[in-house]
Amino acid sequence: MRIGELAAATGASPRALRHYEQAGLIASARAANGYRVYDAGTAVRVRNIRRLLEAGLTLDDVQVFLPCLDGDVTAGPVSAGGVRVARDRLAVLDARIAAQTAIRDRLATALREADAGTP
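Here's a quick rundown of the structure. (Residues numbered from 1 in each chain as written. Predicted model: local features only at pLDDT ≥ 70, side-chain atom pairs only at ≥ 80, totals over all residues. Heavy atoms only, no water.)

1. Points about the nonpolar core
Inference 1: In this structure, Leu17, Tyr20, Ile26, Val46, Ile49, Leu52 and Leu69 are the most contacted members of the largest nonpolar core, which totals 21 residues.
Inference 2: Among the secondary structure elements, those contributing two or more residues to this core are helix H1 (3-10), helix H2 (14-22), helix H3 (42-54) and helix H4 (59-62).
Inference 3: It is H3 that contributes the most residues to this core, four residues altogether.
Inference 4: When residues no more than four places from it in sequence are discounted, the contact partners of Leu52 are Leu57, Val62, Phe65, Leu69 and Val73. (Core = buried A, V, L, I, M, F, W, Y, C linked by side-chain atoms within 4.5 Å. Buried < 20%, exposed > 50% of the residue type's maximum accessible area, 1.4 Å probe, protein only. Helix = DSSP H or I, 4+ residues; strand = E, 2+ residues; numbered from the N terminus. Contact = heavy atoms within 4.5 Å.)

2. A closer look at the packing of H1 against H3
Inference 1: One can describe the packing of H1 onto H3 by two numbers: an axis separation of 10 Å at closest approach and a directional angle of 50°. Considered as vectors, H1 and H3 are oriented oblique to each other. Handedness of the H1/H3 crossing: right-handed. Contacts between H1 and H3 involve Leu6, Ala9 and Thr10 on the former and, on the latter, Thr42, Ala43, Val46, Arg47 and Arg50.
Inference 2: Looking at the contact of H1 with H3, its residues break down into four nonpolar, two polar and two charged. (Axes fitted to C-alpha atoms, helices over the stretch in contact; angles between N-to-C directions. Parallel < 35°, antiparallel > 145°, perpendicular 65-115°, else oblique. Left-handed = near helix turned anticlockwise from the far one by under 90°. Nonpolar A, V, L, I, M, F, W, Y, C, P; charged D, E, K, R; others polar.)

Okay, structure coming up:
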């Protein structure tokens, strides 16, 4: 299938598909006209990549899951590497949430103080 067909089948944009390919997560052959041609099984892999990205992982994180991207990612055995990556990503997300919460609290305090000083 061509890139537009793969995009339609997976909900990924052609740009995202080219990015996944550049990252080494998917592969294509080239037709005589230079168009990318993907194996039909690539759609499963792209859907799994998108699931992992939606779960908060990065493309670098997804590399750890390469051995199971062509099947049901959620049904396979849990790997130590996958658990480590997920824990590391969760720690990063928790730190970002804490930082954003602190900023929000400072802004809320500043607004309360401004409201208290306004007649």
